[in-house]
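Next come the chains, spelled out residue by residue.
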Amino acid sequence: MSSKYFKNPFPDYSENCPDFLEGGRLRSDHPIALELDNKWKEIEVKLQALDCSDYSVYTGTSGIALLKMKRDPTNANTLREALMLLSLNRLKGKRHTFLCGDAGPLAIGIHLNHLLGNSEQVDLLCSKLKSLSQDVVNVQSDLPNEYLYGRAGYLYAILYVNKYVMPQKFDDEFVRLIIEAILVSGRNLSKAFSFKCPLMYEWHESYYLGAAHGVSGILYLLLQVKQYLPDDDLLNLIKPTIDYLTTQRFPSGNFPSSLGRDVDRYVQWCHGAPGFVYLFCEAYKVFHDPKYLQLASECGDVIWERGLLKKGYSICHGVAGNAYCFLELYQSTKEPKHLYRAIKFAEWCFDYNKEHEELSPDRPLSLYEGLAGRLYLYLDIQKPAEAKFPGFTL
Ligand SMILES: [Zn+2]
């Protein structure tokens with residue numbers, strides 16, 4: 001087990017730690033603030049080698065578009081550059097999700113065209129995005145429900161557009177149809193195999209629990225849009241499922257990657273405790289039960305201890321993704337301990353050390369597996385109270 005991560009060399013937070021913020025921003029004399037421009041220039045050169053045949057948010061050019069929007073959200077030239085990166089004229093019409101499919105570039109394209117004042121393009125892209133919904137709203141289709149390839153990933157794209165484009169482009173009835181398909185699908189599976197919780201989901205014949213492919217990611221998204229859910233669904237479907245998940249916790253405080261898998265191995269956004277931080281923080285906001293905040297905080301302790309992964313620095317399965325968990329905890333609790341931990345993990349990523357990356361990622365420049373994700377974290381951590389895991393937190 002110890003071979004998966006480096007022993008955390010940082011002392012934990014104490015009240016003697018210096019204040020990291022001035023006026024809500026990372027202090028200007030912190031290395032990540034001081035060196036940010038140089039780092040941006042250095043990485044921008046490397047990004048030119050990106051494989052343009054992959055247009056996804058997860059590993060391709062649309063992820064770089066999000067990064068550019070993050071860096072320079074009001075510059076029309078940057079927005080046009082980001083638009084080009086989406087490859088909207090050569091989408092394959094296959095996958096449905098924000099992170100790995102056409103729904104990502106379409107949703108970002110709608111946002112960008114809205115910012116650039118191209119209302120005809122906005123309408124055209126909205127109808128293309130809606131046309132992907134056939135399998136999503138059909139519970140009989142073989143579409144999974146998880147984030148990367150399933151219904152939750154499509155729902156995220158729709159909610160992303162509704163968040164950034166006013167007046168609202170997708171009506172409440174349409175959003176509810178998608179949510180209903182996710183709930184019906186979860187209920188059917190739970191009933192068919194007599195699970196002890198009202199909702200269950202599978203992907204590739206496993207009952208995954210983590211953020212990327214599993215139940216915690218799906219429920220986190222639903223809780224973020226609780227206004228679409230009747231109290232009955234919140235209290236009788238979602239809450240008991242979350243409570244069931246808490247019974248699956250390892251003695252270490254970590255969570256299994258899937259049900260019945262008793263190897264306490266993964267501490268990364270896609271599998272294990274990191275995804276549960278988001279679910280429990282959101283459950284606390286919705287149900288106001290402090291036990292959820294306690295569970296989230298205990299997940300944070302696991303990440304602090306075991307989250308400096310030998311696998312590398314990515315946001316999906318690396319240290320940058322784990323840094324985001326502490327930002328979520330900081331936003332939910334306002335406790336300086338979590339901000340301290342986030343900044344220490346970000347410093348670990350910032351002081352890149354080849355020996356800290358045992359496996360080089362398949363897409364070393366991309367948002368979810370590579371450099372772009374780390375850079376996104378450095379930008380986000382400048383204003384830690386506003387940081388959001390890209391493509392996951394609305
Ligand atoms: Zn991953």
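Residues numbered from 1 in each chain as written. Predicted model: local features only at pLDDT ≥ 70, side-chain atom pairs only at ≥ 80, totals over all residues. Heavy atoms only, no water.

J.: Is there a simple way to explain the overall build of the protein in this structure?
T.: Each helix and strand in the protein was counted, giving 16 helices and four strands. In terms of overall dimensions, the protein is globule-like: its C-alpha atoms have a radius of gyration of 20 Å, near the 21 Å expected for 394 residues. For the protein, the C-alpha atoms occupy an extent of roughly 55 × 50 × 40 Å along the three principal directions. Put simply, the protein has 394 residues, and 61% of those count as buried. Relative to all contacts within the protein whose residues are 6 or more apart in sequence, the contacts with residues 24 or more apart total 66%. (Helix = DSSP H or I, 4+ residues; strand = E, 2+ residues; numbered from the N terminus. Rg over C-alpha atoms; globule rule 2.2 N^0.38 Å. Buried < 20%, exposed > 50% of the residue type's maximum accessible area, 1.4 Å probe, protein only. Contact = heavy atoms within 4.5 Å.)

J.: Explanation requested: the side chain of S332 in the structure shown.
T.: Of note, S332 is situated in helix 14 (residues 319–333). Aside from chain neighbours lying at most four places away, what touches S332 is C281, K285 and L293.

J.: Would you explain the UniProt feature "binding site: Zn(2+)" (unreviewed entry) in the protein in this entry?
T.: Those places that UniProt annotates as "binding site: Zn(2+)" (unreviewed entry) correspond, in this numbering, to C270, C316 and H317. These annotated residues cover 48 residues of sequence, and their C-alpha atoms all fall within 6.2 Å of one another, placing them together at a single site. Within the secondary structure layout, C316 lies in the loop between helix 13 (290–306) and helix 14. Excluding residues that lie within four positions of it along the chain, C316 makes contacts with Y58, Q268, W269, C270 and Y368. In this fold, H317 is placed in the loop between helix 13 and helix 14. Each residue touching H317, except ones within four places of it in the same chain, is listed here: Y58, Q268, C270, L309, K311 and E369. (UniProt positions renumbered as here; feature names shortened; annotations may be inferred.)

J.: Would you explain the layout of surface pockets in this entry?
T.: A probe matching the size of a water molecule, rolled over the atoms, marks out where space remains unfilled. Considered as a void within the structure, the largest pocket measures approximately 670 Å³ in volume. Taken together, the elements giving at least two residues each to the lining of the largest pocket come down to helix 3 (61–71), helix 5 (103–115), helix 8 (151–164) and helix 16 (371–380). In terms of residue class, the lining of the largest pocket is built from 14 nonpolar, four polar and eight charged. (1 Å grid on protein atoms, 1.4 Å probe; cavity = no way out; pocket = protein on both sides within 12 Å on 5 of 7 lines; lining within 4 Å. Points joined across faces, edges and corners; volume = space filled by probe spheres on them. Nonpolar A, V, L, I, M, F, W, Y, C, P; charged D, E, K, R; others polar.)

J.: I keep staring at the coordination of the zinc ion and nothing clicks. Help me out?
T.: For a metal with four tetrahedral donors the ideal donor-metal-donor angle is 109.5 degrees, while six octahedral donors give ideal angles of 90 or 180 degrees. Protein coordination of the zinc ion is provided by C270 (SG), C316 (SG) and H317 (ND1), with donor distances spanning 2.0 to 2.2 Å. Here the donor residues of the zinc ion share one chain and are spaced in sequence as C-x45-C-H. Of the two residues, C270 is situated in the loop between strand 3 (267–268) and strand 4 (271–272) and H317 in the loop between helix 13 and helix 14; the sequence distance between them amounts to 47 residues. Judged by its relative accessible area of 6%, C270 falls in the buried class. (Donors = N, O, S within 2.8 Å, 3.2 Å for Na, K, Ca; no water.)

J.: What should I look at first to understand the side chain of H213 in this one?
T.: The residue H213 is located in the loop between helix 9 (172–192) and helix 10 (215–224) in this model. Within polar-contact distance, the side chain of H213 engages the side chain of E146 at 2.6 Å. Discounting chain neighbours no more than four positions away, the residues touching H213 are E146, L148, Y149, W203, Y208 and H271. (Polar contact = N/O pair within 3.5 Å; in protein donor to acceptor, adjacent residues only side chain to side chain.)

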